[in-house]
Amino acid sequence: MFLVLLSAFIGVFTSFELTIQRRRRSATRRSRLRRELLRNFSNNIVSPTIYCHLNAAVPILRMYFEDGADLRPKLRLSRQSIQSLIAAVKPECDHGWEKDVEVLVFLYWLAHAASYRVVSLTFDIPKSTVHDIVHRMSKTVIGILRQLIAFPSADDLEAVGAGFAQLAGSPAFRVVAGAIDGCHIRIKPPASDVQCYFNRKLFNSVQLQAITDHQGKFLDIFVGYPGSVHDARVLKNSPVYTGRLFPPAGKCILGDGGYPCLSAPICLMTPYREPVQNAVQARYNRKHSRARNIVERAFGMLKTRWRSIFFKALEVSPAFCARCHSMLYGAPQPLS
């Protein structure tokens, strides 16, 4: 009996000694790590204001920072365009991710219509960080959007009119200030409102309404309505129509047969309904189509550049589009 108690006591004592030794080793390691960290900070090896570090082995970052390779296959924009975008959105900031990296993450997400998980694996950063970057960059880009997409000045309208007259092959179209049309952007709809987003082309989408000039440059965009809504209704709920923003008096815009022919509150010219009644109407429709097709070519160029966005369903909430729209059109101003 005594031997049993003695062996039990020895076992407990040995276990206690081993526990104390493990705790001492752990405390020693923690103390060594603290000393190394303090030494690094004192030698300015690690800046205390920068807590995000890049993985230099990531191929796309190495391509951007070191190789100087063409970025268009990966990001759909040239290096010069990316640098211009970075310069436009770069704020004064001394912590967090570099704006270069945030722009690269945002462009990669757009170019591939990829999930946050895929972008996270590509850049070797957390998925939650990708989500924050995408939403933050979206707000930043929308904040500067009106600097790039804007109505032409009174002086520029003459050149725009001359361009449309050349496209149509008729001087009568010198009064044209733009062409309007709609485009569908595929999305995965919310379960509660699937039918609202199911359009006449038999897929789910949100609508993008755009006005372009004679060169295909975007003058105005309006996005967010579900795909099932008719083009005419989208127009009548857009700020261009409700605020009478464009075109100015004496000018008109061109639209296809899906829009109503209007003289007020904005001037909108549409083609005659088929079948036409005479040769004059047929000639007008041909020239109208030649001038108006510039907006369809602009959409074609947009879809060619960003194929993943337009031919693959985006996994974003429709409310995200609505927030973007409200920030963009918070205080529309009429064209003087």
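Relevant structure appears above.
Note that the structure is a prediction, hence the values are computed from the model and not measured.

(A) Quick peek at the overall build of the chain. Per the secondary structure count, the chain includes 13 helices and 5 strands. Within the chain, buried positions represent 40% of all 336 residues. Here the contacts in the chain between residues at least 6 apart in sequence split such that 59% fall between residues at least 24 apart. When the accessible surface of the chain is summed, it comes to about 19,500 Å², and 56% of that surface belongs to carbon and sulfur atoms.

(B) Examining the sheet that holds strand β4 (residues 252-254) more closely. Spatially, the 5 strands line up as an open sheet ordered β3-β2-β1-β4-β5, and their pairing is mixed. Only two strands of the sheet have a single partner each, and these edge strands are β3 (218-226) and β5 (268-269). Pairing of strand β1 (residues 176-186) with β4 involves 3 bridges; the strand directions are parallel. What sits directly across from V176, in β4, is C252. Contacting β1 and β2 (205-212), helix α8 (residues 154-168) runs over the sheet at an angle of about 75° to β1.

(C) Local environment of the pairing of β3. Sheet topology places β2 next to β3; 6 bridges connect them, and they run antiparallel. If you follow T212 over to β3, its bridge partner there is F218. Counted along the chain from β2 to the antiparallel partner β3, the turn is 5 residues long, and its residue G216 has a positive phi close to 85°.

(D) Unusual backbone geometry, seen in detail. A cis amide bond links A264 to the next residue, P265, at an omega of 0°. Along the chain, the position of P265 falls in the loop between β4 and β5. Put simply, E274 and P275 share a cis peptide bond, and its omega is -5°. Mapped onto the elements of the fold, P275 is located in the loop between β5 and α11 (279-305). Unusually for a residue other than glycine, D124 sits at a positive phi of about 60°. Note that D124 resides in the loop between α6 (116-123) and α7 (127-145).

(E) Representation of α7 within the structure. Taking 1.5 Å as the rise per residue, α7 with 19 residues should run 27 Å; its terminal C-alpha atoms sit 27 Å apart, in good agreement. Within α7 the residues assigned to the buried category are T129, V130, I133, V134, H135, M137, S138, V141, I142, I144 and L145.

(F) View of the pairing of β1. The buried count for β1 comes to 9 of 11 residues, which makes it a mostly enclosed element. Pairing analysis gives 8 bridges linking β1 to β2, with the strands arranged antiparallel. Note that in β2 the partner of I180 across the bridge is I211.

(G) Spotlight on the packing of α8 against α11. Their axes nearest at 7 Å, the elements α8 and α11 cross at an angle of 115°. Our pair here, α8 against α11, has a crossing hand that is right-handed. Contacts between α8 and α11 involve F164, L167 and A168 from the first element and K287, R290, A291, I294 and R297 from the second. Among the residues making up the contact of α8 with α11, the classes are represented as 5 nonpolar, no polar and 3 charged.

(H) Representation of the state of the cysteines within the structure. Counting across every chain of the model gives 0 disulfides. Unpaired in terms of disulfides, C252 finds its nearest cysteine sulfur in C267, a separation of 4.8 Å.

Quick notes on the rules
Residues numbered from 1 in each chain as written. Predicted model: local features only at pLDDT ≥ 70, side-chain atom pairs only at ≥ 80, totals over all residues. Heavy atoms only, no water. Helix = DSSP H or I, 4+ residues; strand = E, 2+ residues; numbered from the N terminus. Buried < 20%, exposed > 50% of the residue type's maximum accessible area, 1.4 Å probe, protein only. Contact = heavy atoms within 4.5 Å. Areas by Shrake-Rupley, 256 points an atom, 1.4 Å probe, with all protein chains shown as cover. Pairing = 2+ DSSP bridges. Axes fitted to C-alpha atoms, helices over the stretch in contact; angles between N-to-C directions. Expected span 1.5 Å × (residues − 1). Left-handed = near helix turned anticlockwise from the far one by under 90°. Nonpolar A, V, L, I, M, F, W, Y, C, P; charged D, E, K, R; others polar. Disulfide = S-S within 2.5 Å.

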